[in-house]
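In case you want the letters, here they are:
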Amino acid sequence: MVGTVKEISNHGAGLGYRQELSENLASREHGIDVVEILADQWMSPGSLGQLREISERFDTVTHGVAMSLAGAGRIDTKYLERVREVVEVCQSDYYSEHLAATHIPGIDSQHLCPPIVSAESRRACVRNVKQANSALGVPLAIENITYSISTTSDHLEAAKFFADVVVDSDSLILLDVANLYINSQNHRFDPEVYLSQLPLERVVHIHLAGGVTTSTGKLIDSHSESIAEGIWDLARNTAELCNPRTVIVERDQNFPDADVLLEEVATARSIYFDHQ
Ligand SMILES: [Fe+2]
């Protein structure tokens, strides 16, 4: 596995590519090392030509939301074929997905649901990751999600489950720092202890994002606000513990001027890459 991490290129810091940002990004390419392509947005017939143009303008990494790695059934082979097309157009050296269930046979939750923490579920997750690995031809980087309910109240157990799936499937990690921060605040655990359970030498990719606070004080991972200071602080701590190849600022709504996002990208770049 260490060899696999070494084979991943240094992509640098950038943004999740969104159509709403495309015009603004065209004139600011100098501030972006890489854009993250959401594969699920590029699966309609005929969209790959435009994706090819983007991949010629920017260094790209690829990411998805609907593989359902923690689902009970096998992964849809037609979905994997479409993801593989995106991976090939972007010439990705890895592909990232959430350790989550988005559907079970016959039901689409339209939502990232946390995995059931059990030995049987772990075996199913590992089997699914291996199926995806061989179908895509590149290693998977597995992402930690936010959750409002969990099948275990022991968050160390949840961290251990995540780590076991990563190690047993010989995968990489996408560490979403915002997701970890939000979970630690909403469920009252120490993010540093959670991190201590993970094989951080496998982290190749970081996500950062800003969310909202509800009237009851709960944090929501809405990707709609500037990144909060608590998340930047946790990012600085994680930069001491891992050497990612890619750092992405995620923004999906309430888009500010591109200069605001590029400032966040510059901060992320300095946190993770200035000391390397
Ligand atoms: Fe994320």
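This report concerns the structure included in the present document.

What counts as what
Residues numbered from 1 in each chain as written. Predicted model: local features only at pLDDT ≥ 70, side-chain atom pairs only at ≥ 80, totals over all residues. Heavy atoms only, no water. Helix = DSSP H or I, 4+ residues; strand = E, 2+ residues; numbered from the N terminus. Rg over C-alpha atoms; globule rule 2.2 N^0.38 Å. Buried < 20%, exposed > 50% of the residue type's maximum accessible area, 1.4 Å probe, protein only. Lys, Arg positive; Asp, Glu negative; His and termini not counted. Charge placed at Lys NZ, Arg CZ, Asp CG, Glu CD. Donors = N, O, S within 2.8 Å, 3.2 Å for Na, K, Ca; no water. Tetrahedral: all angles 85-135°; square planar, octahedral: opposite > 155°, others 65-115°. Contact = heavy atoms within 4.5 Å. Polar contact = N/O pair within 3.5 Å; in protein donor to acceptor, adjacent residues only side chain to side chain. Phe/Tyr/Trp six-rings, centres within 6.5 Å; stacked < 30°, edge-to-face > 60°. Pairing = 2+ DSSP bridges. Right-handed = clockwise from strand over helix to strand, strands pointing away.

## Quick look at the overall build of the protein
- Within the protein, the secondary structure is distributed over ten helices and eleven strands.
- The globule rule puts the C-alpha radius of gyration for 276 residues at 19 Å, and the 18 Å found for the protein is close to it.
- Among the 276 residues that make up the protein, the fraction classed as buried is 53%.
- The centroid of the 21 positive side-chain charges in the protein is displaced by 6 Å from the centroid of its 40 negative side-chain charges.

## A few points about the coordination of the iron ion
- Bound to the iron ion on the protein side are E143 (OE), D176 (OD), H207 (ND1) and E250 (OE), at distances that span 2.0 to 2.6 Å.
- Geometry at the iron ion is irregular, judged from its four donor atoms and the angles of 82 to 172° they form at the metal.
- Mapped onto the sequence, the donors of the iron ion take the spacing E-x32-D-x30-H-x42-E. With D176 in strand β8 (residues 172-176) and E250 in strand β11 (residues 246-250), this pair connects stretches of sequence that are 74 residues apart.
- The exposure class of D176 is buried, given its relative accessible area of 1%.
- Residue E250 is classed as buried on the basis of its relative accessible area of 5%.

## Points about the environment of E36
- Looking at the secondary structure, you find E36 in strand β2 (residues 34-38).
- Between the C-alpha atom of E36 and that of H187, which follows or precedes it by 151 residues, the distance is 29 Å.
- Excluding anything up to four places from it in sequence, E36 contacts L15, G16, Y17, R18, V61, H63, H205, H207, I248 and E250.
- Among the polar contacts made by the side chain of E36, one reaches the side chain of H207 at a distance of 2.7 Å.

## Some details on the packing of aromatic side chains
- One pass over the full model with this rule turns up two aromatic pairs.
- Ring geometry for Y17 against W42: centres 6.4 Å apart, planes inclined by 50°, an arrangement best described as tilted. In this pair, Y17 sits in the loop between β1 (12-16) and α2 (19-26) while W42 sits in the loop between β2 and α3 (48-57), placing the two residues 25 residues apart along the sequence. Accessibility assignment for this pair places Y17 and W42 in one class, buried.

## Details of the pairing of strand β4 (residues 95-98)
- Alternating positions in β4 separate into two faces, Y95 and E97 on one and S96 and H98 on the other, with burial throughout.
- Relative to β4, strand β3 (residues 59-63) runs parallel, the two sharing two bridges. Counted as the bridge partner of T62 is Y95 from β4.
- In this region the chain leaves β3, passes through helix α4 (residues 77-90) and returns to the parallel neighbour β4; the handedness of that crossover is right-handed.
- The pairing of β4 with strand β7 (residues 140-143) spans four bridges and is parallel. Counted as the bridge partner of E97 is I142 from β7.

## Observations regarding unusual backbone geometry
- Non-glycine residue S68 carries a positive phi angle of around 60°.
- With respect to the helices and strands, S68 occurs in the loop between β3 and α4.
- A positive phi angle is found at R188, which is not glycine, with a value near 60°.
- In this structure, R188 sits in the loop between α7 (177-186) and α8 (191-196).
- Using a relative accessible area of 75% as the deciding quantity, one classes R188 as exposed.

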